[in-house]
Every structure is written in structure tokens, then in C-alpha cells.
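Architecture and fold: a report
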Amino acid sequence: MISIIQIIFLLIGVLFLTSVFIQVQRDRMTKGQAIMWGLIWLCLILSTFFVQYLTIISEWLGITRPIDIIIYSSIILLFVYTYQIQLAQVKLSRELTELVRKDAINKNKTLSKRTK
Amino acid sequence: MKDVYIVIPAYNEGTVITHVLKNIKKAGYKNIIVVDDCSTDDTPTLAKKQDVLVIQHAINRGAGAATKTGIDAAKQLNAKYVVTIDADGQHKPDEISHLLKQAHAYDVVIGSRMINPKGMPTSRKILNIGGSLLTLLFYGIYVRDSQSGFKVFNSKAINLIEIKFDRFEFCSEVLHEIRKKRLTYTEVPISVIYTEYSLSKGQHISNGVKMIFRMIQRFFVP
């Protein structure tokens with residue numbers, strides 16, 4: 001018998017899996033990102049309905065409770081993703097500064113005459 | 001002095017910019033570049049009235065970014081020496097010549113308020129000492145006034161130094177570049193004009209905390 005929580009997790013998983021598919025279609029996500037996020041949402045759906053496999057994996061990993069695999073994996077993934085966001089933010093900030101600086105110099109008539 | 005360019009990064013210095021520019025011109029320097037970091041007051045308008053080169057950032061990016069813009073502009077104008085000076089009027093333009101005297105022998109000359117800190121508020125002394133110690137810790141180079149905005153760079157330094165930090169921590173970054181690129185440097189004593197205005201514009205504890213955070217971050221996110 002399917003429980004309410006399994007239905008909720010299934011809906012969430014399907015919703016975000018669909019979103020990943022749409023983002024790829026709209027070229028807003030690279031293939032690598034799509035595979036990564038697709039796998040994450042797929043794992044959510046599968047672990048909801050195949051809990052017994054979580055038990056096998058947790059025993060193999062030496063983790064007492066199967067649910068802890070999801071918690072530990074989620075924390076690691078969050079850290080990885082935060083790190084990537086920070087790298088991207090620093091890169092964007094630098095690129096923005098370069099753009100602003102070059103634009104400022106190019107707009108200055110005295111300097112732009114020299115660059116021509 | 002036609003190959004000496006004075007670079008002044010400025011943000012909301014409308015109260016003092018005219019006075020600062022007039023004093024620099026009185027000291028005999030005509031090649032002045034003001035980089036306005038998207039001020040919300042009339043800083044750029046007032047600067048343009050003094051018949052100096054004014055470059056304007058479309059959005060505010062920080063003192064480091066503005067300094068780099070000014071240095072790049074000076075390079076385009078074939079500057080042999082670039083003097084960076086604060087726009088808040090705390091530095092004496094007459095002392096530019098003291099730094100330039102050493103610029104023939106050193107790649108970077110740093111105007112140091114800490115050699116003779118007479119009249120410097122205690123809080124500023126602590127901030128400056130802290131800044132110097134942090135720079136030593138993070139970058140392995142010690143100068144008495146690591147946060148001084150009054151510096152002279154020769155053409156070798158102008159071409160080699162790369163500034164990546166946008167905000168106040170670029171002062172420490174410049175020292176890191178000096179060490180990394182094996183540039184020669186020296187410190188020259190300068191006096192500082194402390195007014196309520198210049199004290200309100202300078203570095204604060206909160207800036208210091210942010211600076212530490214960014215310097216730590218730089219280790220992990222180059």
C-alpha cells in the first residue's frame with residue numbers, strides 16, 4: 001500500500017524531473033547539469049518506492065539507518081553545490097567589473113581616440 | 001612631470017574633490033585622472049569642472065576596480081609613473097614629490113602614515129597595524145602601512161601588477177603582487193590630514209572584517 005509521503009515524494013520527483021527536461025529544451029541547462037539533477041530526482045523517486053534497497057546500501061556503507069544515507073548525501077550535495085555557486089559568483093563578479101571598467105574607458109572620448 | 005599621472009579613485013567625494021584637485025594642480029601636476037565609481041552625488045561634475053580626465057563607472061565596483069581603471073587609463077596615455085592618491089583629502093599633494101624621488105630606484109613607493117603616526121587616532125593605528133599583520137599572515141610581506149592609498153608605481157610595476165579584488169582589500173593584494181612579481185619597494189613617511197570628513201570616509205572595523213573574510217575566501221576561490 002502506498003503511503004501519503006510516498007505520493008508526495010513521487011509528485012515532487014516527477015515535477016522536478018519534468019522541470020529539468022524543460023530547462024534542457026530551452027537551453028537553460030547544460031547536458032551535464034541535466035544528467036546530475038535528473039539522477040538526483042530519479043534517486044528520490046526510486047528510494048521512495050524501493051526502500052529495501054536503501055537498507056542493503058546502508059548496511060554495505062556501515063550506516064545504521066537507511067534514511068541517514070539520504071541525509072548525508074543531501075548535506076554533501078549541498079556543500080558541493082554551494083561551492084560551485086560561490087565559484088560562479090566570484091567569476092561573474094570579476095567579469096562584471098571588467099565589463100564596467102572597459103566600458104568606462106571606451107566611453108571616455110580622450111581615451112577612446114587613443115585606442116582607435 | 002609630463003609622464004607622471006595622478007590617479008584618484010572617487011566615490012561620493014563631492015564635498016572635497018574640487019579642493020583636492022586644485023591642491024594637486026597647485027603642487028604642479030597636470031595629468032590627473034579621476035575615476036568616479038558611480039557616485040550618487042555631483043563628484044564627476046565637479047571633477048570635470050577642474051579640467052581633469054574623468055572616467056565614470058556605470059555601476060559601483062569598489063576602490064580596487066576604480067584604481068585599476070585609472071591605472072589602465074594611465075597606461076594608455078603612456079604614463080611612466082602612476083601616483084594613486086585618495087580623493088578624501090587626507091593626503092598632502094606636496095608630498096607626491098617625496099615619493100617620486102624614490103620612484104627612480106624602486107618599482108613601488110608606498111606612502112606610510114605609520115612611520116610617523118603623529119595625530120593619528122588610536123582606532124586607526126590599531127586598524128593599520130591589524131591590516132599589516134593580516135597582510136603578513138596571508139601574503140608573506142610586511143609593510144608598516146599596508147592600507148595606504150598613496151603610492152607611486154613605475155612603468156614596470158604598472159604592467160606587472162594585476163588587481164583582482166574590487167574593494168578595499170586590493171591594498172593588501174597590491175602587496176601580494178609586489179612579492180609575487182618580485183618588485184622592489186620602499187616606504188616613505190607621509191603626513192595625514194585627519195578631519196571629521198576624512199575619518200568618516202576611511203576604513204572602519206566593519207570593512208576590516210569584510211576584508212579578512214574576502215582574503216580568506218581568496219585562498220579557496222582564486
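Residues numbered from 1 in each chain as written. Chains lettered and ligands numbered in written order. Predicted model: local features only at pLDDT ≥ 70, side-chain atom pairs only at ≥ 80, totals over all residues. Heavy atoms only, no water.

Moving on, we get to the overall build of chain A. Regarding its fold elements, chain A presents five helices and zero strands. Counted from the first residue to the last, chain A has its helices and strands arranged as α-α-α-α-α. Here the C-alpha atoms of chain A give a radius of gyration of 23 Å, more than 25% beyond the 13 Å that 2.2 N^0.38 yields for 116 residues. Across its three principal directions, the C-alpha atoms of chain A cover 75 × 30 × 20 Å. By the burial criterion, 22% of the 116 residues in chain A qualify as buried. Taking the intrachain contacts of chain A between residues at least 6 apart in sequence as the baseline, contacts between residues at least 24 apart amount to 43%. Surface accessibility of chain A: about 9,000 Å² in total, with carbon and sulfur atoms responsible for 71%. Once the 13 positive and 6 negative side-chain charges of chain A are each reduced to a mean point, those two points are 18 Å apart. (Helix = DSSP H or I, 4+ residues; strand = E, 2+ residues; numbered from the N terminus. Rg over C-alpha atoms; globule rule 2.2 N^0.38 Å. Buried < 20%, exposed > 50% of the residue type's maximum accessible area, 1.4 Å probe, protein only. Contact = heavy atoms within 4.5 Å. Areas by Shrake-Rupley, 256 points an atom, 1.4 Å probe, with all protein chains shown as cover. Lys, Arg positive; Asp, Glu negative; His and termini not counted. Charge placed at Lys NZ, Arg CZ, Asp CG, Glu CD.)

Before going further, it helps to spend a moment on the nonpolar core. Residues and elements named next belong to chain B. Among the nonpolar cores identified, the biggest contains 35 residues, and Ile33, Val108, Ile161 and Ile178 are the most heavily contacted of them. Broken down by element, the residue count for this core peaks at five residues, all from helix α7 (residues 170-180). Sequence-distant contacts of Ile178, defined by excluding residues within four places in its chain, comprise Val108, Ile141, Ile161, Leu183 and Tyr185. Leu100, Val109, Val152 and Ile190 belong to the second largest nonpolar core, which has 29 residues in total. (Core = buried A, V, L, I, M, F, W, Y, C linked by side-chain atoms within 4.5 Å.)

As a rule of thumb, non-glycine residues mostly have phi less than zero, and peptide bonds are mostly trans rather than cis. All names here are of chain B. In this structure, Asn12 is a non-glycine residue whose phi angle is positive, near 50 degrees. Positive phi, normally seen in glycine, also occurs at Cys38, with a value near 60 degrees. The residue Cys38 is located in the loop between β2 (32-36) and α2 (43-49) in this model.

A few words on the pattern of salt bridges. Any two side chains of opposite charge can pair if their charged atoms end up close together. All names here are of chain A. Enumeration over the complete set of coordinates arrives at 14 salt bridges over all chains. Ionic pairing is found between Glu98 and Lys102, a salt bridge with its closest N-O pair at 3.8 Å. Within this pair, Glu98 and its partner Lys102 are both found in helix α4 (residues 66-107), separated by four residues, close to a single helical turn. The residue Asp103 makes a salt bridge to Lys107 at a minimum N-O spacing of 3.1 Å. One end of the pair is Asp103 and the other is Lys107, both in helix α4 and four residues apart, which spans about a single turn. Classification of Asp103 as partly exposed rests on a relative accessible area of 29%. Classification of Lys107 by relative accessible area gives exposed; the value is 60%. (Salt bridge = Lys/Arg side-chain N within 4 Å of Asp/Glu carboxyl O.)

The next point concerns the interface of chain B and chain A. Each side of the interface is counted separately: chain B has 23 residues, and chain A has 19 residues. Regarding the contact of chain B and chain A, the summed buried area is about 1,800 Å², with carbon and sulfur atoms giving 58% of it. Applying the counting criterion to the chain B and chain A interface returns two salt bridges. If you list the elements that add at least two residues to the side of chain B that touches chain A, you get β3 (53-56), α3 (63-76) and α9 (205-220) of chain B. With six residues, α3(B) is the largest single contributor of residues to the side of chain B that touches chain A. Tallied by class, the residues present in the side of chain B that touches chain A amount to eleven nonpolar, six polar and six charged. (Buried area = accessible area lost by both parts, 1.4 Å probe. Nonpolar A, V, L, I, M, F, W, Y, C, P; charged D, E, K, R; others polar.)

Turning our attention to a nonpolar patch on the surface. A cluster of nonpolar side chains, A:Ile4, A:Ile5, A:Ile8, A:Phe9, A:Ile12, A:Leu15 and A:Phe16, forms an exposed patch at the surface whose accessible area comes to about 650 Å². On the accessibility criterion, A:Phe9 (35% relative accessible area) is partly exposed. (Patch = residues over 30% accessible without salt bridge, like charges linked within 9 Å, V, L, I, M, F, W, Y side chains within 5 Å.)

In total, this model carries five aromatic pairs over all chains according to the counting rule given. Arranged with centres 6.5 Å apart and planes meeting at 50 degrees, the rings of B:Phe138 and B:Tyr139 form a pair that is tilted. Taking relative accessible area as the criterion, B:Tyr139 reaches 5% and is therefore assigned buried. Here the aromatic residues A:Phe16, A:Trp37, A:Trp41 and A:Tyr81 are joined through ring pairs into a cluster of three or more. (Phe/Tyr/Trp six-rings, centres within 6.5 Å; stacked < 30°, edge-to-face > 60°.)

Residue and element names in this part refer to chain A. Its location among the elements puts Ile12 in helix α1 (residues 4-25). Taking relative accessible area as the criterion, Ile12 reaches 32% and is therefore assigned partly exposed. Sequence separation of Ile12 and Asn108 is 96 residues, and the distance between their C-alpha atoms is 53 Å. In contact with Ile12, not counting residues within four places along its chain, are Trp41 and Leu44.

Honestly, it's all geometry; don't read function into it.
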